[in-house]
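This is what each chain is made of:
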Amino acid sequence: MKANQGFFHGLLKAIALLSFVTPLMAAEPALAIIGKNEWVFYRHEISTASDDAEVKKSLGLIAKFNKVLADQGIRLVVVVVPLKMRIYAEHLPNELALTDYLRGNYARMLEFLKANDVLMVDLNSAFLNDPGRASDTPFYFRLDSHWSPSGVMAAADAVKAGVMADPATRKLIEALPEAAYTRKISPRKRKSKPGDLVGLLPPDAPTLAADMVPQITVERTQPAATNLLGNQALPEFAMLGSSYSHEWTGFPGALNFAFQRDLTSLSVGADQGSWVGMESYLRNEAFQAKRPKVLIWELPERDMRAGPDYKYRDARYISGNAEWLQRVSALVSARP
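Residues numbered from 1 in each chain as written. Predicted model: local features only at pLDDT ≥ 70, side-chain atom pairs only at ≥ 80, totals over all residues. Heavy atoms only, no water.

Some words on the overall build of the protein
Convention followed: A helix here means a DSSP run of H or I that spans at least four residues, while a strand means a run of E at least two residues long, and both kinds are numbered starting from the N terminus. Partly exposed residues are those whose accessible area sits between 20% and 50% of the maximum for their type, while under 20% is buried and over 50% is exposed, using a 1.4 Å probe and protein chains only. To be clear on the numbers: accessible area is Shrake-Rupley with a 1.4 Å probe, and residue cover counts the displayed protein chains and nothing else.
Helix and strand content of the protein: 11 helices and nine strands. Looking at the protein residue by residue over its 336 residues, the buried ones come to 46%. As presented, the protein carries roughly 17,600 Å² of accessible surface, and 57% of it is formed by carbon and sulfur atoms.

Given below as structure tokens:
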């Protein structure tokens with residue numbers, strides 16, 4: 001009897017303790033982090049060495065996919081958007097410093113893909129070494145996870161430089177029809193809309209000053225030629241990107257201007273992810289009706305640890321890694 005009493009007494013204590021601890025454990029930190037000088041960062045950019053295995057799986061899939069494309073005469077150019085935390089580490093709060101893992105993650109990805117004959121543009125070095133990084137028009141919005149108009153221009157220039165430095169890819173680009181584009185940069189800055197990170201701040205967060213950014217417009221000097229039915233020919237230059245490549249960012253237009261070429265551009269949000277996005281593009285008439293000679297694939301660095309089988313994505317967008325590769329391989333290899 002005493003043994004039973006002791007057991008139940010211990011059980012009640014455990015339940016009481018759990019009722020106290022559980023609410024504390026459930027209180028997860030805010031997804032947005034306020035740093036110095038009113039800069040805000042996305043907590044999901046933080047990764048550790050424990051994520052390395054998943055990153056390598058993603059890189060391995062890209063390397064295999066690259067081979068499938070190459071066998072069909074399509075040149076893949078991988079553009080990984082570097083972490084805002086690394087590019088603007090000086091604005092991180094004192095309690096959050098870059099680890100050696102985060103500091104070297106981009107270089108490791110670059111080395112892996114290069115060793116597997118994948119052309120990846122080094123945006124990380126380009127951003128860090130660009131004098132414009134420390135100007136009054138930084139490459140990322142302070143209050144948003146995305147790159148700013150200035151960052152978009154710097155990224156497009158870096159992509160062009162990386163592509164044209166590769167002889168085989170340069171030859172493909174130079175064989176594409178030219179298209180004249182102009183770019184206008186307004187001398188006056190405008191107030192941007194509230195950034196996506198503002199809504200992720202804790203309720204008691206201070207009010208932060210809005211981002212002030214230059215207004216940049218890119219225009220084609222002449223309308224694209226059309227056939228008798230009024231349809232434009234699809235260019236053999238394409239990009240599949242994330243939200244960093246949405247039209248509102250200006251990145252597709254910046255690439256038009258940098259290359260002086262027409263570009264087919266599709267992009268998907270974080271809810272679907274880059275893997276679903278690529279599969280959707282390959283099913284699209286934009287790919288099936290006119291295979292590109294050069295295909296740019298833009299992916300955020302922070303998502304490289306979230307492959308097709310990433311379990312925290314909406315269930316309808318989750319797929320086995322091998323199954324994803326099998327499906328996209330079939331789409332690329334099929335003849336229209």
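Here we look at the packing of aromatic side chains
The following threshold applies: Classification of ring pairs uses Phe, Tyr and Trp, with its six-membered ring standing for Trp, and accepts pairs whose centres are within 6.5 Å; under 30 degrees between planes counts as stacked, over 60 as edge-to-face, and the remaining range as tilted. Two limits define a charge over a ring: the Lys NZ or Arg CZ must be within 6 Å of the ring centre, and within 35 degrees of the ring normal.
Scanning all chains against the criterion turns up 17 aromatic pairs. When the ring of Trp297 is compared with that of Trp324, the centres are 6.4 Å apart and the planes differ by 25°; the resulting orientation is stacked. Of the two residues, Trp297 sits in strand β9 (residues 294-300) while Trp324 sits in helix α11 (residues 321-333), which places them 27 residues apart along the sequence. Each member of the pair, Trp297 together with Trp324, is buried. The side chain of Lys84 reaches across the aromatic face of Phe41, ending 5.4 Å from its centre.

Quick look at unusual backbone geometry
Residues apart from glycine generally show negative phi values, whereas peptide bonds are mostly found in trans. Of note in the backbone geometry, Asn37 takes a positive phi value of approximately 55° without being a glycine. In this structure, Asn37 sits in the loop between β1 (32-34) and β2 (40-42). Phi at Glu38 is positive, roughly 60°, even though this residue is not glycine. Here Glu38 is to be found in the loop between β1 and β2. Glu38 sits in the partly exposed class, given a relative accessible area of 31%.

Some points on the confidence of the model for the protein
Under the convention used in this document: Think of pLDDT as the predictor's per-residue confidence, scored from 0 to 100. By definition in these notes, contact holds between two residues if any of their heavy atoms fall within 4.5 Å.
Per-residue confidence for the protein averages 90 on the pLDDT scale, and 90% of its residues sit at or above 70. Across residues 1-26 the pLDDT falls below 50, and counting only partners more than four positions away or on other chains, this stretch makes one contact in the model.

Points about the side chain of Ser145
We apply this condition: Each polar contact in these results corresponds to two N or O atoms within 3.5 Å; when the atoms are within protein, one needs to be able to donate a hydrogen and the other to accept it, and residues that are neighboring in sequence are counted only if both atoms are side-chain atoms.
With respect to the helices and strands, the residue Ser145 is situated in the loop between α5 (123-129) and α6 (149-164). At a separation of 2.6 Å, a polar atom in the side chain of Ser145 contacts the side chain of Asp196.

Let's talk about the pairing of strand β8 (residues 264-267)
Both faces of the sheet carry side chains from a regular strand, because those side chains alternate between them. Note the following rule: Pairs of strands are assigned from DSSP output, requiring at least two bridges between the strands. A crossover gets the label right-handed when its path from the first strand over the helix to the second runs clockwise, viewed with the strands pointing away from the viewer.
Bridge count between strand β7 (residues 237-241) and β8: four bridges; the pairing is parallel. Bridge assignment links Gly241 to a residue of β8, and that residue is Ser267. For the segment spanning β7, helix α8 (residues 251-259) and β8, crossover handedness is right-handed.

Thoughts on the sheet that holds strand β3 (residues 75-81)
Stated formally: For helices, the fitted axis covers only the stretch in contact; all axes are lines through C-alpha atoms, and the angles between them, taken along N-to-C directions, range from 0 to 180 degrees.
As summarised here, the arrangement of the five strands in space is β4-β3-β9-β7-β8, forming an open sheet in which the pairing is parallel. Looking at strand neighbours, the two that pair on one side only are β4 (119-121) and β8, the edges of this open sheet. On average, each strand axis in the sheet is inclined to that of its neighbour by 20°, with strand direction left out of account. As paired elements, β7 and β9 share four bridges and run parallel to each other. Residue pairing for β9: Leu240 is matched across the bridge by Trp297.

Overview of the nonpolar core
Basically, it comes down to this: For our purposes a nonpolar core is just a set of buried Ala, Val, Leu, Ile, Met, Phe, Trp, Tyr and Cys residues, chained together by side-chain atoms within 4.5 Å.
One finds Ile62, Phe65, Tyr140, Trp147, Val159 and Trp297 to be the most contacted residues of the largest nonpolar core, which totals 77 residues. Residue contacts for Ile62: discarding those within four places in its chain leaves Leu76, Val78, Leu113, Val118, Trp275, Trp297, Leu299 and Met304. In this structure, Ala32, Val40, Leu197 and Leu201 belong to the second largest nonpolar core, which totals seven residues.

Brief notes about the pattern of salt bridges
Definition in use: Salt bridges, as used here, are contacts in which a Lys or Arg side-chain nitrogen is within 4 Å of a carboxyl oxygen on Asp or Glu.
A full pass over the atoms with the stated rule returns 16 salt bridges. For the salt bridge of Asp52 with Lys56, the shortest nitrogen-to-oxygen distance reads 3.4 Å. Taken together, the residues span about one helical turn, with Asp52 and Lys56 both in helix α2 (residues 52-71) at a distance of four residues. Look at Lys56 and you get partly exposed, because its relative accessible area is 47%. Close ionic contact of Arg142 with Asp211 constitutes a salt bridge, the shortest N to O distance being 3.4 Å. Of this pair, Arg142 sits in the loop between α5 and α6 while Asp211 sits in the loop between β5 (181-191) and β6 (212-220); the two residues are 69 residues apart in sequence, bridging distant segments of the chain. We note that Arg142, like Asp211, is buried.

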